Amino acid sequence: MNKAKIKQAQNNIRNLHVFLRTEIKKKWNRVLPFNEEIADRWEKAKYLKFGRGASIYDNSLVFGDVKVGKNTWIGPFTILDGTGGLTIGSYCSISTGVQIYTHDSVKWALSAGKAKYEHSSVSIGDSCYIGPNAVIAKGVSIGKRCVIGANSLVNKHLPSHSIAFGIPAKIVGKVSVEGKKIKLEYFSSKSHK
Ligand SMILES: CC(C)(COP(=O)(O)OP(=O)(O)OC[C@H]1O[C@@H](n2cnc3c(N)ncnc32)[C@H](O)[C@@H]1OP(=O)(O)O)[C@@H](O)C(=O)NCCC(=O)NCCS
């Protein structure tokens with residue numbers, strides 16, 4: 001391709017971006033990067049064989065074997081590492097920046113490549129809320145209807161209905177659900193300090 005053709009192609013893409021940006025701002029009052037303007041979050045979820053109604057941002061990285069249930073929302077800048085097996089239930093909200101790992105390279109690095117990467121599966125039950133930038137380490141299972149606070153490091157199993165946060169995440173309360181009524185009850189307002 002010659003220089004003039006490259007310039008023309010760049011201009012066409014830029015014009016498309018400006019057009020889509022205006023349309024999306026008008027319709028949804030959002031301003032997104034170009035790749036999100038052209039990507040379809042539901043199509044990507046379908047391609048990955050996630051459950052019906054699930055969606056996943058184009059900016060999300062997906063590795064290995066990842067199973068996701070129905071209507072789960074997976075936000076931007078997330079990492080879903082299924083190299084050791086990852087299952088996420090239905091109606092989960094996986095917030096922006098969440099990183100879920102099923103491998104680590106700790107021993108590989110320390111042994112200058114002599115030891116292998118370690119893998120262990122992660123499962124997250126239905127109806128969980130995982131707050132922004134939480135990191136979930138390999139080998140952890142999280143039950144149903146759990147709340148994980150923003151910026152937490154989850155490195156231990158959490159039973160269903162747990163509220164947990166912190167580094168490392170500790171269980172600080174319990175979720176109760178009766179129909180549409182949801183209560184987040186804390187064991188003690190200072191228990192996590
Ligand atoms: C975990 C969470 C959902 C709990 O919400 P909540 O029940 O309304 O809790 P509160 O904000 O009343 O906090 C209860 C206590 O926990 C503390 N706390 C809450 N979230 C925390 C977190 N992620 N890390 C550490 N402490 C936290 C609060 O400071 C408060 O402490 P206090 O009792 O000593 O004052 C919420 O704090 C959280 O992390 N939300 C993220 C929301 C968000 O970013 N949304 C945008 C994307 S969807």
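Refer to the structure above for everything that follows.
These lines cover the structure that appears in this document, whether it is placed above or below. Bear in mind the structure is a predicted one, so any value in this text is a computation, not a measurement. (Residues numbered from 1 in each chain as written. Predicted model: local features only at pLDDT ≥ 70, side-chain atom pairs only at ≥ 80, totals over all residues.)

Here's the deal with the pairing of strand 17 (residues 181–186)
Regular strands place side chains that alternate from one sheet face to the opposite one.
Here comes step 1: Of all six residues making up strand 17, only zero are buried, and the element is barely covered by its neighbours.
Here comes step 2: The pairing of strand 16 (residues 170–178) with strand 17 spans six bridges and is antiparallel. For serine 176, the partnering residue across the bridge sits in strand 17 and is lysine 183.
Here comes step 3: The loop that links strand 16 with its antiparallel partner strand 17 comprises two residues; one of these, glycine 179, has a positive phi angle of about 60 degrees. (Buried ≥ 20, exposed ≤ 12 C-beta atoms within 10 Å, placed from the backbone. Helix = DSSP H or I, 4+ residues; strand = E, 2+ residues; numbered from the N terminus. Pairing = 2+ DSSP bridges.)

Things to note about the pairing of strand 15 (residues 162–165)
Here comes step 1: The alternating pattern of strand 15 places Ser162 and Ala164 and Ile163 and Phe165 on opposite faces, both of which are buried.
Here comes step 2: Across two bridges, strand 13 (residues 147–148) lies against strand 15 in parallel orientation. Each bridged residue has a counterpart across the sheet, and for valine 147 the counterpart in strand 15 is isoleucine 163.
Here comes step 3: The pairing of strand 15 with strand 16 spans four bridges and is classified as antiparallel. If you follow serine 162 over to strand 16, its bridge partner there is lysine 174.
Here comes step 4: Between strand 15 and strand 16, which pair antiparallel one after the other, the connecting turn spans four residues, and glycine 166 there sits at a positive phi close to 110 degrees.

Quick word on the sheet that holds strand 16
Picture the strands of a sheet paired through backbone hydrogen bonds; they go either parallel or antiparallel.
Here comes step 1: Here we have eight strands laid out as an open sheet, ordered 1-3-5-10-13-15-16-17, and mixed in their pairing. Edge positions in the sheet fall to strand 1 (55–56) and strand 17, since each has one partner strand and no second.

Things to note about the nonpolar core
Here comes step 1: By size, the foremost hydrophobic cluster in this structure holds 36 residues, and its most contacted members are Ile136, Ile148, Val154 and Ala164.
Here comes step 2: Looking at this core, the elements with two or more residues in it are strand 2 (61–68), strand 4 (79–88), strand 9 (122–124), strand 11 (135–136), strand 13 and strand 15.
Here comes step 3: Contact partners of valine 154, with chain neighbours within four places excluded, come to Ala134, Ile136, Ala137, Val140, Ile142, Ile148, Ala164 and Ala169. (Core = buried A, V, L, I, M, F, W, Y, C linked by C-beta atoms within 7 Å. Contact = placed C-beta atoms within 7 Å.)

Regarding unusual backbone geometry
Here comes step 1: A cis amide bond links isoleucine 167 to the next residue, proline 168, at an omega of -5 degrees.
Here comes step 2: Within the secondary structure layout, proline 168 lies in the loop between strand 15 and strand 16.
Here comes step 3: Even without a glycine there, the phi angle at alanine 112 is positive, about 50 degrees.
Here comes step 4: Here alanine 112 shows up in the loop between helix 4 (106–110) and strand 8 (118–119).
Here comes step 5: Of note, asparagine 151 is a non-glycine position whose phi angle comes to about 65 degrees, a positive value.

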